[in-house]
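For reference, the chains in residue letters:
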Amino acid sequence: MAAHEHHGPAAWSLVTADTAGRNTFCAALSGDSLWEVPALWGYPGLFEVLQDWNVLAPKLRSYEPGKATPIFGARILAPVRYPRAVLCSGSNYRDHLEEMAGDASGEVTPFFFLKPPTTTVIGPGDAIVIPADESQQVDWEAELGVVIGRAGRDIPPERADAHIAGYTIVNDVSARGPHRRTDAFHDAFAWDWLASKGQDTFCPTGPGVTPEWLVPDPHDLPIVLTVNGRREQTSNTKEMIQRVQELVAAASALVTLQPGDLVATGTPAGVGLPRGRFLRPGDLVEITVGGLGCSTTRSSPVRAQREKRDES
């Protein structure tokens, strides 16, 4: 099975896009085709749509991309530019716990860390910037992402679905090298989550956000990640320890979740660290999660990215 294959019922997702003669706008992605969404005309991106999700979602339930006007020559951007918060769940697949810690038998409660939203979030075709220092050991983590459509605090698990707008694909890119600090003067500072998880471009997302009503069961979605066509991660969201609703509830017990916020739900086994395999400049990373589309990004050396910015 190739990384671009889809699973489950055919679905469409909402994307943020632009063209040479048009500012950013919202469109629907179905297969490889883009379609106009009349209900979203005038919105510059999906982030703005999510601020009005309670009003717009009912209008989108009867939407059929094939009956809309096709869009040609557009570039797909990160679907949500940019969420107020990116909360990532750690240790939420037992097979990943076992490969990283050697023991997955204990009780696990939800654990979250943050990624800077405006500098880590990138979209399809954007480059994952690889630091020049190979000791950074840049790794991949394919994840199901939950996109919030309705604000809430202290949300009970049984009411979590009402706060979810839809689902996307996330790559929780991680620099393994600086994660554990050897110079920490106290155990409380032994782990550097910002250096490991928060570097620029370390949160590829997309290509779109599939509305929650088009994902009947978020806990039965195959996950596949390949690097240069080689399969590295193969699993299913049914292997989650904490379900989506439990994660949303746990996150909302810590912070107020707001429309557009992104909650990444953890990664299964198959990351590079246990096998000593890491991303190198030019690597092609492809991720599929059920029928949510295919997230495609290529890594790039930091030097090339800086030169590109200087030229612009």
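All values derive from a computational prediction rather than experimental measurement. (Residues numbered from 1 in each chain as written. Predicted model: local features only at pLDDT ≥ 70, side-chain atom pairs only at ≥ 80, totals over all residues. Heavy atoms only, no water.)

J.: Explain the overall build of the protein chain to me, and be specific about the residues and the numbers.
T.: From N to C terminus, the protein chain includes seven helices and 20 strands. What you see for the protein chain is a C-alpha radius of gyration of 19 Å, in line with the 20 Å of a compact globule of 312 residues. C-alpha extents for the protein chain along the principal axes are approximately 55 × 50 × 35 Å. (Helix = DSSP H or I, 4+ residues; strand = E, 2+ residues; numbered from the N terminus. Rg over C-alpha atoms; globule rule 2.2 N^0.38 Å.)

J.: Which residues make up the sheet that holds strand β15 (residues 210–211), and what are the values?
T.: Read across the sheet, six strands follow the order β7-β6-β18-β11-β12-β15 without closing on themselves; strand pairing throughout is mixed. Among the strands making up the open sheet, the edge pair consists of β7 (111–115) and β15. Across three bridges, the pairing between strand β11 (residues 142–148) and strand β18 (residues 262–264) is antiparallel. Paired with G145 across the strands is A264, a residue of β18. Across the sheet, helix α6 (residues 244–252) is in contact with β6 (86–90), β7, β11 and β12 (164–171); its angle to β11 comes to roughly 60°. (Pairing = 2+ DSSP bridges. Contact = heavy atoms within 4.5 Å. Axes fitted to C-alpha atoms, helices over the stretch in contact; angles between N-to-C directions.)

J.: Can you tell me about the pairing of β12, naming the residues and giving the values?
T.: β12 sits mainly inside the fold: eight of its eight residues count as buried. Looking at chain direction, β11 and β12 are connected through seven bridges and run antiparallel. When the sheet's bridge partners are listed, V146 is paired in β12 with Y167. Relative to β15, β12 is paired through two bridges, and the arrangement is antiparallel. Bridging from a neighbouring strand, G166 pairs with P211 of β15. (Buried < 20%, exposed > 50% of the residue type's maximum accessible area, 1.4 Å probe, protein only.)

J.: Mind laying out empty space enclosed by the protein, listing which residues take part and the relevant values?
T.: Vacant regions in the atomic arrangement are exposed by a probe of water-molecule size rolled over the atoms. Overall, the coordinates contain one cavity of 30 Å³ or more when judged by the stated rule. Approximately 70 Å³ is the volume found for the largest cavity. The residue inventory of the lining of the largest cavity, partitioned by class, reads seven nonpolar, three polar and one charged. (1 Å grid on protein atoms, 1.4 Å probe; cavity = no way out; pocket = protein on both sides within 12 Å on 5 of 7 lines; lining within 4 Å. Points joined across faces, edges and corners; volume = space filled by probe spheres on them. Nonpolar A, V, L, I, M, F, W, Y, C, P; charged D, E, K, R; others polar.)

J.: I'd like a description of α6, backed by residues and values.
T.: α6 sits mainly inside the fold: seven of its nine residues count as buried. Next to the buried residues of α6 lie β6, β7, β11 and β12.

J.: Can you tell me about the environment of S30, naming the residues and giving the values?
T.: By the secondary structure assignment, S30 is in strand β2 (residues 22–30). The partly exposed category is assigned to S30, whose relative accessible area is 28%. C-alpha separation for the pair S30 and P268, spaced 238 residues apart in sequence, amounts to 27 Å. If we skip the residues at most four places from it in the chain, S30 touches A11, W12, W35 and P65.

J.: Requested: an account of the confidence of the model for the protein chain, with residues and values cited.
T.: Averaged over all residues, the pLDDT of the protein chain equals 91, while 91% of them reach at least 70. Counting interchain partners and residues more than four positions distant, the pLDDT-below-50 stretch residues 1–9 has 17 contacts. (pLDDT = per-residue confidence, 0-100.)

J.: Before we move on, could you go through helix α2 (residues 53–60) and cite the residues and values that matter?
T.: Those residues of α2 that fall on the buried side of the exposure criterion are W53, L56, A57 and L60. Here the buried residues of α2 occupy an arc of 110° about the axis, which is enough to place them on one side. Exposed residues on α2 whose side chains face more than 90 degrees from its buried face are N54, V55 and P58. Tucked inside the fold, the buried residues of α2 contact β1 (13–19), α1 (46–51) and β12. (Arc of directions from axis to C-beta.)

J.: Tell me about the environment of D95, and please be specific about residues and values.
T.: Position of D95 relative to the elements: it lies in helix α3 (residues 94–101). Among the residues examined, D95 registers a relative accessible area of 30% and is labelled partly exposed. When the C-alpha positions of D95 and P268 are compared, they lie 6.2 Å apart, and in sequence the two are 173 residues distant. Setting aside residues no more than four positions away along its own chain, D95 makes contact with S235, P268 and A269. A distance of 3.2 Å separates the side chain of D95 from the backbone nitrogen of A269, its partner in a polar contact. (Polar contact = N/O pair within 3.5 Å; in protein donor to acceptor, adjacent residues only side chain to side chain.)

J.: Outline the pattern of salt bridges, supporting the account with residue identities and numerical values.
T.: Tallied over the full model, the rule gives 16 salt bridges. Close ionic contact of D154 with R153 constitutes a salt bridge, the shortest N to O distance being 3.9 Å. Relative accessible area serves as the criterion here: at 43%, R153 is assigned to the partly exposed category. When the shortest N-O distance is used, the salt bridge between D220 and K238 registers 3.6 Å. Here the residue D220 occupies a position in the loop between β15 and β16 (222–227), and K238 occupies one in the loop between β17 (230–236) and α6, the gap between them amounting to 18 residues. A single network of salt bridges, built from pairs that share partners, joins K115, D139, E141, D172, R176 and K197. (Salt bridge = Lys/Arg side-chain N within 4 Å of Asp/Glu carboxyl O.)

J.: I'd love a proper account of the pairing of β16, names of residues and values included.
T.: Most of β16 sits out of view: five of its six residues are buried. Linking β16 back to β17 in an antiparallel pair, the connection comprises two residues, with N228 at a positive phi of about 55°. As paired elements, β16 and strand β19 (residues 284–289) share five bridges and run antiparallel to each other. Bridged to L225 within β19 is I287.

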